[in-house]
Amino acid sequence: MYLTPQHVLLAGATGLTGEHLLDRLLNEPTITRVLAPSRRPLAEHPHLENPVGDPAEFLPQLNGRVDIAYCCLGTTIKQAGSEEAFRAVDLDMVVAFAKRAREMGARHLIVISALGADRRSSIFYNRVKGEMEYALRAQNWPQLTICRPSVLLGDRIEPRPAELFAGPLSRLIPGKYHGIEACQLARAMWRLALEEQDGLRIVESDELRKLGK
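Okay, so let's go over this structure. Keep in mind it's a predicted model, so treat the numbers as computed, not measured. Residues take numbers from 1 onward in each chain, read along the sequence in its written order. A pLDDT threshold of at least 70 governs which residues receive local features in this predicted model, and a stricter bar of 80 or more applies before side-chain atom pairs are shown or counted, although totals over entire chains, interfaces and linings include all residues. With hydrogens and water set aside, each side-chain value is computed from the structure's full complement of heavy atoms.

Another aspect to go through is the pairing of strand 6 (residues 143-148). Residue burial is assigned from relative accessible area. The probe radius is 1.4 Å, only protein chains are included, and a residue is buried under 20% of its type maximum, exposed over 50%, and partly exposed in between. In this text, helices come from DSSP runs of H or I with a minimum length of four residues, and strands from runs of E with a minimum of two, each type numbered from the N-terminal end. For strand 6, a buried count of 6 out of 6 residues is recorded, marking the element as mostly surrounded by other parts of the structure. Because side chains alternate across strand 6, one face comprises the buried residues Gln143, Thr145 and Cys147, and the other comprises Leu144, Ile146 and Arg148, equally buried. Examined bridge by bridge, strand 5 (residues 108-112) and strand 6 share 5 bridges and lie parallel to one another. In the strand pairing of strand 6, valine 111 is matched with isoleucine 146. The pairing of strand 6 with strand 9 (residues 199-204) spans 6 bridges and is parallel. Within the sheet, the bridge partner assigned to threonine 145 lies in strand 9 and is arginine 201. Note on pairing: DSSP must find at least two bridges between two strands before they are called paired.

Encoded structure:
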């Protein structure tokens, strides 16, 4: 069964994937409201509400009912400045956003995690992503979709050295380890929003690429 959401909550709209997803949402004729809080202003649009500031301050103030929530939040240890600061974004902020989205009536959360996410991993990045997934599952969402992309491909305002290095190599690797264009991931996330199936769904990178064609 396919349902078309009308009221959307989006976190991470200024990021590589979030920008593509926001553009798609604002160009969907069925979408009447996109609530996209961010640290810096977004381009104006009649269907866009864009609270600007510190998420920790305005998150509790978000209001109005939403059908679905997208979370594209994510940083790197280098950008964040420390492992603790990285956890504050990729774990704490994601979980807090999801909690508020649920309070606002969203029944479906679609979140970007990472290939290899595992809360028992010896790799810090993968472990934090796994802890994030585990925390979201504990929120008992009616419908939770976790996207695990491989290396994201696309032009960032602030390039990430690891992606610049791994991106060309990832294009040569088959299966779920093959890199994925951010625009493909955004298209896949929109299509996943149209699927109504209760419970948890984990979508690996190879399936995301197929959905995003």
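There is more to say after this.
Bringing unusual backbone geometry into the picture now. Of note in the backbone geometry, asparagine 140 takes a positive phi value of approximately 55° without being a glycine. Counting through the fold element by element, asparagine 140 comes out in the loop between helix 5 (124-137) and strand 6.

Time to look at the sheet that holds strand 6. The pairing of strands in a sheet comes from backbone hydrogen bonds and takes either a parallel or an antiparallel form. Strand order in this open sheet of 7 strands is 3-2-1-4-5-6-9, and the pairing throughout is parallel. Lying at the two open borders of the sheet, with one neighbouring strand each, are strand 3 (48-49) and strand 9. Throughout, a contact is declared for two residues whenever any of their heavy atoms are within 4.5 Å. Helix axes are fitted to C-alpha atoms over the stretch in contact, other axes to C-alpha atoms as well, and angles between N-to-C directions run from 0 to 180 degrees. Together, strand 1 (7-11), strand 2 (33-35), strand 3, strand 4 (68-71) and strand 5 form the strand contacts of helix 1 (residues 16-26), whose direction differs from that of strand 1 by roughly 165°. Set on the sheet, helix 7 (residues 182-193) makes contact with strand 4, strand 5, strand 6 and strand 9; between it and strand 5 the angle comes to about 165°.

Attention shifts here to the nonpolar core. For the purposes of this section, nonpolar cores are sets of buried Ala, Val, Leu, Ile, Met, Phe, Trp, Tyr and Cys residues that join through side-chain atoms within 4.5 Å. Among the nonpolar cores identified, the biggest contains 32 residues, and Leu10, Tyr70 and Met189 are the most heavily contacted of them. Where this core is concerned, the elements lending two or more residues are strand 1, helix 1, strand 4, strand 5, helix 7 and helix 8 (205-211). Looking at this core element by element, the count peaks at 8 residues for helix 7. In terms of nonpolar packing, the next biggest core, distinct from the first, is built from 27 residues, Phe58, Leu59, Leu136 and Ile146 among them.

In this section: the state of the cysteines. Working definition: a disulfide is two cysteine sulfur atoms within 2.5 Å of each other. In total, this model carries 0 disulfides according to the counting rule given. For the unlinked cysteine cysteine 72, the closest cysteine sulfur is that of cysteine 71, found at 6.9 Å. When its relative accessible area of 12% is taken as the criterion, cysteine 72 is described as buried.

Note on placement: asparagine 126 falls in helix 5. Other than its neighbours up to four places away in sequence, asparagine 126 contacts Leu115, Gly116, Ala117, Asp118 and Ser121.

We define a salt bridge as a side-chain nitrogen of Lys or Arg found within 4 Å of a carboxyl oxygen belonging to Asp or Glu. Under the definition given, this model contains 12 salt bridges. Among the ionic pairs, arginine 40 bridges to glutamate 19, the shortest N-O distance being 3.8 Å. In this pair, arginine 40 is assigned in the loop between strand 2 and strand 3 and glutamate 19 in helix 1, connecting sequence segments 21 residues apart. A relative accessible area of 37% places arginine 40 in the partly exposed class. Looking at glutamate 19, the relative accessible area reads 38%, which means it is partly exposed. In this structure, the salt-bridge partner of arginine 24 is glutamate 28, at a minimum N-O distance of 3.9 Å.

The next subject is the packing of aromatic side chains. In this scheme Phe, Tyr and Trp rings, the latter by its six-membered ring, pair at centre separations within 6.5 Å, and the angle between planes marks the pair as stacked below 30 degrees, edge-to-face above 60, and tilted otherwise. This structure, assessed with the given rule, holds 2 aromatic pairs. Ring centres 5.7 Å apart and planes at 50° place the aromatic pair phenylalanine 86 and phenylalanine 124 in the tilted group. Here phenylalanine 86, found in helix 4 (residues 83-103), pairs with phenylalanine 124, found in helix 5; they are 38 residues apart in sequence, far enough to count as distant. Each member of the pair, phenylalanine 86 together with phenylalanine 124, is buried. Ring plane angle 40° and centroid distance 5.6 Å describe the contact between phenylalanine 86 and tyrosine 125, whose orientation is recorded as tilted. Of this pair, phenylalanine 86 sits in helix 4 while tyrosine 125 sits in helix 5, and the two are 39 residues apart along the sequence. According to the relative accessible area criterion, phenylalanine 86 is buried, its value standing at 0%. The class of tyrosine 125 is partly exposed, set by a relative accessible area of 34%.

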